[in-house]
Amino acid sequence: MERKTNEYTARSNDGQEYTIYEYINIIYAGHLNDPNATIKGTKRLCTSNGEDINFKGEGIYEIVTSGVILRKIE
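No experiment lies behind these values; they were computed from the predicted model shown.

(A) Structural context of the nonpolar core. Counting residues in hydrophobic clusters, the biggest one holds nine residues: Tyr 8, Ala 10, Tyr 18, Ile 20, Leu 45, Ile 53, Tyr 61, Ile 63 and Leu 70. Secondary-structure elements contributing two or more residues to this core are β1 (2-12), β2 (17-28) and β5 (60-63). Among residues more than four places away in sequence, those in contact with Tyr 8 are Tyr 18, Thr 19, Ile 20, Glu 22, Leu 45, Tyr 61 and Lys 72.

This is the structure in structure tokens:
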């Protein structure tokens, strides 16, 4: 199961703004003492219109299909 955990705005060099969604894969890890336990799995980033995003460094992202570099707006 995947859960949206964050969203923020980033801007490309040409000034276009994008909303980036952060999703975490939730893994069921139940055991005798806690049958409903979960753990966080992999993180996935995408734009609001579903384009996949690569994390390049602190506050820097790349849209996979176009190679456009985005910088997080603080």
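(B) Just the sheet that holds β2, in detail. A barrel is described by the order of its strands in space; here six strands give the closed sequence β1-β2-β3-β4-β5-β6, paired in antiparallel fashion. Adjacent strand axes in the sheet meet at a mean angle of 45° when their direction is disregarded. Summarising the sheet, β1 and β2 pair through nine bridges and their orientation is antiparallel. Paired with Lys 4 across the strands is Tyr 23, a residue of β2.

(C) Main features of the pairing of β5. Where strand β4 (residues 52-57) lies against β5, four bridges are found, and the strand directions are antiparallel. Pairing of Gly 57 across the sheet is with Ile 60, part of β5. In textbook terms, the turn of a hairpin is the stretch between consecutive antiparallel strands, and for β4 and β5 this stretch comprises two residues, one of which, Gly 59, has a positive phi near 75°. In this sheet, strand β6 (residues 69-72) lies alongside β5 in antiparallel orientation, the contact comprising three bridges. Among the inter-strand pairings, Ile 60 is bridged to a residue of β6, identified as Arg 71. Following β5, the chain reverses through five residues before pairing antiparallel with β6; Gly 67 in that reversal takes a positive phi of roughly 80°.

(D) The arrangement of the pairing of strand β3 (residues 38-47) in detail. As defined by bridge partners, β2 adjoins β3 across eight bridges and the pair is classed as antiparallel. Note that in β3 the partner of Ile 20 across the bridge is Thr 47. The sheet contact formed by β3 and β4 spans two bridges and is antiparallel. Residue Cys 46 lies in a different strand from β4, and its bridge partner there is Asp 52. Here β3 folds back onto β4, and the loop between the two strands holds four residues, one of which, Gly 50, carries a positive phi near 95°.

(E) Geometry of the side chain of Thr 47. Relative to the helices and strands, Thr 47 is located in strand β3. Only 2.4 Å separates the side chain of Thr 47 from the side chain of Asn 49, close enough to count as a polar contact. With residues up to four places along the chain from it excluded, the contact list for Thr 47 reads Tyr 18, Thr 19, Tyr 21, Ile 53 and Ile 63.

Cut-off values and rules
What you see as residue numbers is a count from 1 along each chain, following the sequence as written. In view of the model being predicted, local features appear only for residues whose pLDDT reaches at least 70, and side-chain atom pairs are presented and counted only at 80 or more, with totals across whole chains, interfaces and linings using the full set of residues. Water and hydrogen atoms play no part in the side-chain values, which are based on all heavy atoms of the structure. Here, the term nonpolar core denotes a set of buried Ala, Val, Leu, Ile, Met, Phe, Trp, Tyr and Cys residues that are joined through side-chain atoms within 4.5 Å. We call a residue buried when its accessible area falls under 20% of the maximum for its residue type, exposed when it is over 50%, and partly exposed in between, using a 1.4 Å probe and counting protein chains only. Under the DSSP-based scheme used, a helix requires at least four consecutive residues in state H or I and a strand at least two consecutive residues in state E, with every element numbered from the N terminus. The contact criterion used throughout is that any non-hydrogen atoms of two residues lie within 4.5 Å. Strand pairing requires that DSSP identify at least two bridges connecting the strands. As a rule, the C-alpha atoms of each element are fitted with a line to give its axis, helices using only the stretch in contact, and angles between N-to-C directions run from 0 to 180 degrees. N or O atoms within 3.5 Å of each other form a polar contact, as long as, within protein, one can give a hydrogen and the other can take it, and as long as residues adjacent in sequence are counted only when both atoms are side-chain atoms.

Nothing here speaks to function; it is all geometry.
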